[in-house]
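Descriptive analysis of the structure
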Amino acid sequence: MLCVFAALAQNKNADMQGYVKNIGNQPIAYASVVLLKATDSTVIKLAITNQTGLFKFVGIAPGKYLVKVSCTGYNSKLTLVNFLSSSIFNIVTIQLKKSNVDLAEIAVVENKNFVDVKPGKTTLNIHNSVFASGSTALDILRMSPGVQISNSDDISLNGKADVLILLDNKPTYLSGTALADLLRGTQSSMIDKIEIINNPNSTYDASGAGGVINIKLMRDKNLGFNAQINAGGGIIMSGISNYNDGEKGNAGINFNYRTKKLNVFGNYSYSNSAYFKSSALSRVNNYNGVVDVISDDWVINQRRVNNNFRVGADYNINPQHVIGFLLSGMFMDLNGPKNTISTINSLNSTDSTILTNSVLKRWQTNITYNLNYRGDLGKCGDITVDADYINYNRSYAEEFQSSYFYSNNITPYRNLILENNSPLNYDVYVFNASYHVNLNPTNNLVVGFKDSYAKADNFSDFGLVTNGVYNSLPLFTGRFKYTEMLYAGYIDYNHIFSKKSNLELGLRVEQTISDGLTPSQVENVHNNYIDFFPNVQYNYIVNNDNQLKMSYRRSINRPKYEELNPFLLYNDQYTYQIGNRYLKPNYSNTIAIDHVYKDRFSTSASFTVINGFTQTVYMQNDQTQITTLKKINLGNRYNYDLVFIAPITFTKWYAADFNLDMLYQRFTATNGTLDNGSTDITLKVAQHFKLPLSMKADITAQYETPTTYGIFRYKSNFFAFGAISKSVLKNKGAIQLQVDNIFQSDKNVYTSHYQNLNISGTQVNIFRSVQLSFTYIFGSQTIKAARKSTGADEEQGRVGNSTN
């Protein structure tokens, strides 16, 4: 029906074609050709020239247009065309002049800003940063404007959690620690750019209340074989008494083989690094007038080994139809000791102490299979189809050996051995398709659907070892199975009023059906609900220097699979953790106004209401002195946010990117036990230096004021990263020296006074590290435009961004 409607709407349209050649009248293949409206430069169509230099636009309405042609190695050219209706309209041959840029040096000398801003969207050009080698994707995110990472590896954007992370426009279907492990294993040298979208449209999943972060990986555009290799090594300084510094090392390759019809691409990265974490926790327990202070101090000294890979291919059946596949995965091994000292102080003196040494063996795999198709249907629009299968497996084994001591006694009065095995497996099947059509030059439509099925199987086996014999403890042992079906459909309509304004209206409908089964308790928690997620975006160009965007979005955050597991997890003698099978999703409503000045300076003001806000709380039993961590729907959260982004070039050799986030957040509990709020001001500054002898340096620093988050109060925080690099081997290679957490100051210091809880603690997740890295690029320099990354990317960005 849409195809017929589009054809009727374009019954007076015709085709436009032309040739692109060089000054010597030789055809230029694979040049990018963009058709723009002459009145406001709105993108109408995109095309790629064939071997004879021919390009063709199908179904074009009569009028005045601009044809922009660009090809790497040549200067771009803009041609005005007065298009008259006919069966085929031929454009005068467009000739391009060769540029003076040495193709062998393009990757090194490209001079885009590190930060590019548009209303509602910030793009980080990672390959232009000194941190493009020697770092990981998680490190880059930590340095990015508005992005913060919590103790539990949760990623937030401008104070809002539940951010949807995409890799090359595709969801990872991972969260928390599993997602952080994937990002730690993704080396920065593999990343081309990062897109940060505050209020995405309806073509994106409704999850991701905090926004969308799309990590785009490197994809070479050159014909033939091209590759980039990297290697590095360094040390991590523990800064902890009786713990030696640890070594770290990494290596990787990113490759691409491209012919006229086939593109094979992939990457592999390996990292082997020491892994330190430390925590000091103290809580007050008051029972029958007796006040005890229980302290837990622990240190993790482990090794993390990551193997990440990604291989795929795109095949051009013809210029209008492309099929592809992608296989990506991660293998992660984490093992080593965790040493804990638990102390009970009563009446201002030490009553008893527990020393626990545990050894963790954790292995996890995450494999994703993808098949995709993209078709250009001419006058009837274009269609994309994706099918994915994701498998995640985790084995988890930990042995605890605890010795109990009375005060001033070096001989333990009790020894205890415990074992924990909790494997986890889940499978996700996803199928989605979208259809895009230009109804006429001022109206376009996107419709699509997405179906997914997920099943998770989590087994907990925890018990006591007595005289070498293992006996499971029923309280900590059981099995939890979870299934979830998600059916989604969406429509997104864009109308252009004039050369200065356009309105985008979207609606996404999602039905969620889930079942959580605990066989041992013969209990099934069933949910079946349908939600509507409207989206409105209005763009207005005030003048050449000022752009405005106003938007509204409703979104959802569903519980993670492991958060629903109802079995207890043993942390130490006085601390347990438990899932919540009755945990409900929370919903966010966001209104935002974005302003961009001179395509460089961005201001964003937003208001967000989160209903059913979730947080992990400490539930303390004063009689047993045991605290259980559990995530609950605490209440409502209100965010008032004002964000400034200002990339400023002061001189030819010095530039800086400033990001100021001024947030006020208020939390209320549904049971009336919580009503507090505070400001949270974060300043992040990235400084860029161009030095003599082909050297560059970057320093990034962040300061965050004291703030409140739910039931916790945090002290101020400061950290800094720095790196210096030098181009070598005719600008095809680079040597980089990087220092992370320069002042060893990145730590979380917090307190909580909620109900009967009185707790304070300090946790350190990142330690100072120094690393030396080397990167080298080699391969063919014959250019062909990539399927998903062409010279028209910037023009496409003017009319919005969408993904499935």
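Here, every reference points to the structure presented above.
Notes on the structure follow. Worth saying up front: this structure is predicted, and the values here are computed from it rather than measured.

1. Observations regarding the pairing of strand β23 (residues 382–406)
One ladder, built from 25 bridges, connects strand β22 (residues 349–376) with β23; its direction is antiparallel. If you follow Leu371 over to β23, its bridge partner there is Ala387. From the end of β22 to the start of β23, which pair antiparallel, there are five residues, and Gly378 there has a positive phi angle of about 70 degrees. Two elements, β23 and strand β25 (residues 424–440), share 13 bridges in a ladder whose sense is antiparallel. When the sheet's bridge partners are listed, Asn391 is paired in β25 with Asp427. Strand direction decides the pairing type here: β23 and strand β24 (residues 414–421), joined by eight bridges, are antiparallel.

2. A closer look at unusual backbone geometry
Even without glycine at this site, Asn158 takes up a positive phi of about 50 degrees. Of the residues examined, Asn158 reaches a relative accessible area of 9% and is grouped as buried. The backbone of Asn741 sits at a positive phi, close to 50 degrees, despite the residue not being glycine. Looking at the secondary structure, you find Asn741 in the loop between β43 (733–740) and β44 (748–754). Judged by relative accessible area, Asn741 falls into the buried class, the value being 1%.

3. Topic: the sheet that holds strand β3 (residues 43–48)
Spatial strand order, β3-β2-β5-β6: four strands in an open sheet with antiparallel pairing. Each of the sheet's edge strands pairs with one partner strand only, and the pair in question is β3 and β6 (77–83). The sheet shows a mean angle of 20 degrees between the axes of neighbouring strands, taken without regard to direction.

4. Quick word on the environment of Ser99
Assignment of secondary structure puts Ser99 in the loop between β8 (94–96) and α2 (106–109). Counting along the chain gives 28 residues from Ser99 to Cys71, while the straight-line C-alpha distance between them is 9.9 Å. Leaving out residues up to four positions away in the same chain, Ser99 has contacts with Gly73, Tyr74 and Asn75.

5. Some points on the sheet that holds strand β9 (residues 115–118)
The sheet built from six strands is open, its strands ordered β9-β10-β15-β16-β13-β14 with mixed pairing. Each having just a single partner strand, β9 and β14 (170–171) make up the two edges of the open sheet. Across four bridges, the pairing between β9 and strand β10 (residues 121–124) is antiparallel. From the neighbouring strand, Asp116 faces β10, where its bridge partner is Thr123.

6. So, empty space enclosed by the protein
Inspection of the entire model under this criterion finds 13 cavities of 30 Å³ or more. The volume enclosed by the second largest cavity comes to roughly 340 Å³. Around the second largest cavity, the lining is made up of 23 residues, and of these Leu167, Leu182, Arg310, Ser328 and Gly329 lie nearest the centre.

7. Focus on the pattern of salt bridges
Summed over all chains, the structure comprises 18 salt bridges. Of the charged contacts in the structure, one is a salt bridge between Lys598 and Asp545, with a shortest N-O distance of 3.4 Å. A residue pair is termed long-range when its members are at least 10 positions apart, and Lys598 in the loop between β34 (586–597) and β35 (601–621) and Asp545 in the loop between β30 (523–541) and β31 (546–557) qualify at 53 residues. The exposure class of Asp545 is partly exposed, given its relative accessible area of 30%. Salt bridges linked by common partners bring Asp153, Asp181, Arg184, Arg304 and Arg362 together as one network.

8. Digging into the packing of aromatic side chains
Considering all chains together, one arrives at 38 aromatic pairs under this definition. Taking the centre distance of 4.8 Å and the plane angle of 35 degrees together, the rings of Phe607 and Tyr640 count as tilted. Remark: Tyr640 occurs in strand β36 (residues 626–649) and Phe607 occurs in strand β35; sequence separation between them is 33 residues. Among the aromatic residues, those joined into a ring-pair cluster are Tyr392, Tyr426, Phe480, Tyr482 and Tyr561. If you follow Lys21 out to its NZ or CZ, it ends over the ring of Tyr19, 5.9 Å from the centre. Between Arg304 and the ring centre of Tyr275, over which it is positioned, the NZ or CZ distance is 4.2 Å.

9. What to know about the pairing of strand β18 (residues 246–258)
Covered by surrounding structure in β18 are Gly246, Lys248, Asn250, Gly252, Asn254, Asn256 and Arg258 only, the residues Glu247, Gly249, Ala251, Ile253, Phe255 and Tyr257 on the alternate face being uncovered. As paired elements, β18 and strand β19 (residues 262–287) share 11 bridges and run antiparallel to each other. Across the sheet, the residue bridging to Gly249 is Asn272, located in β19. Here β18 folds back onto β19 in antiparallel fashion, the turn holding three residues.

10. Let's talk about the nonpolar core
Membership of the largest hydrophobic core comes to 52 residues, with the highest contact counts inside it found for Leu141, Ile155, Leu183, Ile194, Ile213 and Ile215. Ignoring any residue separated from it by four or fewer positions in sequence, one finds Ile155 in contact with Leu141, Val147, Gln148, Ile149, Ala161, Asp162, Val163, Ile165, Leu179, Leu183 and Ile213.

11. What to know about helix α4 (residues 176–184)
Within α4, eight of the nine residues are buried, leaving the element largely enclosed by the surrounding structure. Here α4 has its buried residues at Gly176, Ala178, Leu179, Ala180, Asp181, Leu182, Leu183 and Arg184.

12. Some points on a nonpolar patch on the surface
Together, Leu691, Ile724, Leu729, Ile735, Leu737, Leu772 and Phe774 line one region of the surface with nonpolar side chains, adding up to about 560 Å² of accessible area. With respect to the secondary-structure elements, Phe774 resides in strand β46 (residues 769–779). Accessibility expressed as a relative area gives 30% for Phe774, which makes it partly exposed.

Thresholds, definitions, all that
- Residues numbered from 1 in each chain as written.
- Predicted model: local features only at pLDDT ≥ 70, side-chain atom pairs only at ≥ 80, totals over all residues.
- Heavy atoms only, no water.
- Pairing = 2+ DSSP bridges.
- Helix = DSSP H or I, 4+ residues; strand = E, 2+ residues; numbered from the N terminus.
- Buried < 20%, exposed > 50% of the residue type's maximum accessible area, 1.4 Å probe, protein only.
- Axes fitted to C-alpha atoms, helices over the stretch in contact; angles between N-to-C directions.
- Contact = heavy atoms within 4.5 Å.
- 1 Å grid on protein atoms, 1.4 Å probe; cavity = no way out; pocket = protein on both sides within 12 Å on 5 of 7 lines; lining within 4 Å.
- Points joined across faces, edges and corners; volume = space filled by probe spheres on them.
- Salt bridge = Lys/Arg side-chain N within 4 Å of Asp/Glu carboxyl O.
- Phe/Tyr/Trp six-rings, centres within 6.5 Å; stacked < 30°, edge-to-face > 60°.
- Lys NZ or Arg CZ within 6 Å of the ring centre and 35° of its normal.
- Core = buried A, V, L, I, M, F, W, Y, C linked by side-chain atoms within 4.5 Å.
- Patch = residues over 30% accessible without salt bridge, like charges linked within 9 Å, V, L, I, M, F, W, Y side chains within 5 Å.
- Areas by Shrake-Rupley, 256 points an atom, 1.4 Å probe, with all protein chains shown as cover.

Structural measurements only, silent on function.
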